[in-house]
Amino acid sequence: MKLILSFILLAVVSANSCKKANEPVANLNGTYKGTFQRKVSGAGDVANVTLNFSADKWNGQSQIAKYPALSEGTFSIKGDSISFKNESMWTAEFDWSLILNGGYQLKSSGKNVVITKTYSNGNIDIYTLAKQ
C-alpha cells in the first residue's frame, strides 16, 4: 500500500514540475527581445527581433528587412497557442510566409517565451524571446 501511495505522490509531483516548465501565458504585456530563425533542413539565418505586446495589440521589428516580416496587428492566446493577425500592407517581392500571421505554438518559462510554427514541408519558424 505504501508503495502505491509513493508512486501516486511521485506522479503528482512530476506532473506539477512539468507544468512549471511550460507555464500558461495569461499576459504577454511588455517588450520582448531575442531572435528569429527559420530552420530549413535544421539550419537558417538568425535575426535579432523585438516584439511589443499591449493588451491584444502587438508591433515588432527585425534587424533584417522582412526576415521575419514584422509590423503591427492584434493577437490572442488560447492555452499554449497564440494567433497573430498582421494588419499591415505588404509588397509582393518576398516570401509572405515570413509575415508574423496566423497560429503558432507558445511556450514560456519565467521571462522567456518561445513562439514556433511548423510547416508541412518541415520548415520551422522559431522566435526565442526574453521579456525586458
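Residues numbered from 1 in each chain as written. Predicted model: local features only at pLDDT ≥ 70, side-chain atom pairs only at ≥ 80, totals over all residues. Heavy atoms only, no water.

Peer 1: I'm lost on the side chain of Asn86 in this one. Help?
Peer 2: Of note, Asn86 is situated in strand β5 (residues 81-86). Given a relative accessible area of 12%, Asn86 falls into the buried group. Polar contacts involving the side chain of Asn86 include one to the main-chain amide nitrogen of Ser88, which spans 3.0 Å. (Helix = DSSP H or I, 4+ residues; strand = E, 2+ residues; numbered from the N terminus. Buried < 20%, exposed > 50% of the residue type's maximum accessible area, 1.4 Å probe, protein only. Polar contact = N/O pair within 3.5 Å; in protein donor to acceptor, adjacent residues only side chain to side chain.)

Peer 1: Before we go on, may I ask you to explain the nonpolar core in this structure?
Peer 2: Soluble globular proteins: nonpolar side chains tend toward being buried together. Among the nonpolar cores identified, the biggest contains 21 residues, and Phe53, Ile82, Phe84, Ile115 and Tyr127 are the most heavily contacted of them. Looking at this core, the elements that each hand over two or more residues are β1 (30-39), β2 (46-54), β5, β6 (102-109), β7 (112-118) and β8 (124-131). (Core = buried A, V, L, I, M, F, W, Y, C linked by side-chain atoms within 4.5 Å.)

Peer 1: When you look at the packing of aromatic side chains in this model, what are you seeing that I'm missing?
Peer 2: Aromatic ring pairs are defined here through the distance separating the ring centres and the angle between the ring planes. Using the criterion set out here, one finds nine aromatic pairs in the structure. Between Phe36 and Tyr67, the ring centres sit 5.0 Å apart and the planes meet at 75°, which makes this aromatic pair edge-to-face. Of the two residues, Phe36 is situated in strand β1 and Tyr67 in the loop between β3 (57-62) and β4 (72-78); the sequence distance between them amounts to 31 residues. For the pair Phe36 and Tyr67, a shared accessibility class is recorded, and that class is buried. (Phe/Tyr/Trp six-rings, centres within 6.5 Å; stacked < 30°, edge-to-face > 60°.)

Peer 1: Even after reading the chapter, I still don't get the pattern of salt bridges, so can you show me in this structure?
Peer 2: Side chains bearing opposite charge may pair, as long as their charged atoms lie close to each other. By the definition in use, this model includes three salt bridges. The salt bridge involving Asp95 is made with Arg38; its shortest N-O contact spans 3.2 Å. Of this pair, Asp95 sits in the loop between β5 and β6 while Arg38 is found in strand β1, placing the two residues 57 residues apart along the sequence. The class for Arg38 is buried, based on a relative accessible area of 9%. A salt bridge links Asp125 to Arg38, with the nearest nitrogen and oxygen atoms 2.6 Å apart. Residue Asp125 is found in strand β8, and its partner Arg38 is found in strand β1; the two are separated by 87 residues along the sequence. Overall, Asp125 belongs to the buried group, its relative accessible area being 1%. (Salt bridge = Lys/Arg side-chain N within 4 Å of Asp/Glu carboxyl O.)

Functional significance is not addressed by these values, which are geometric in nature.
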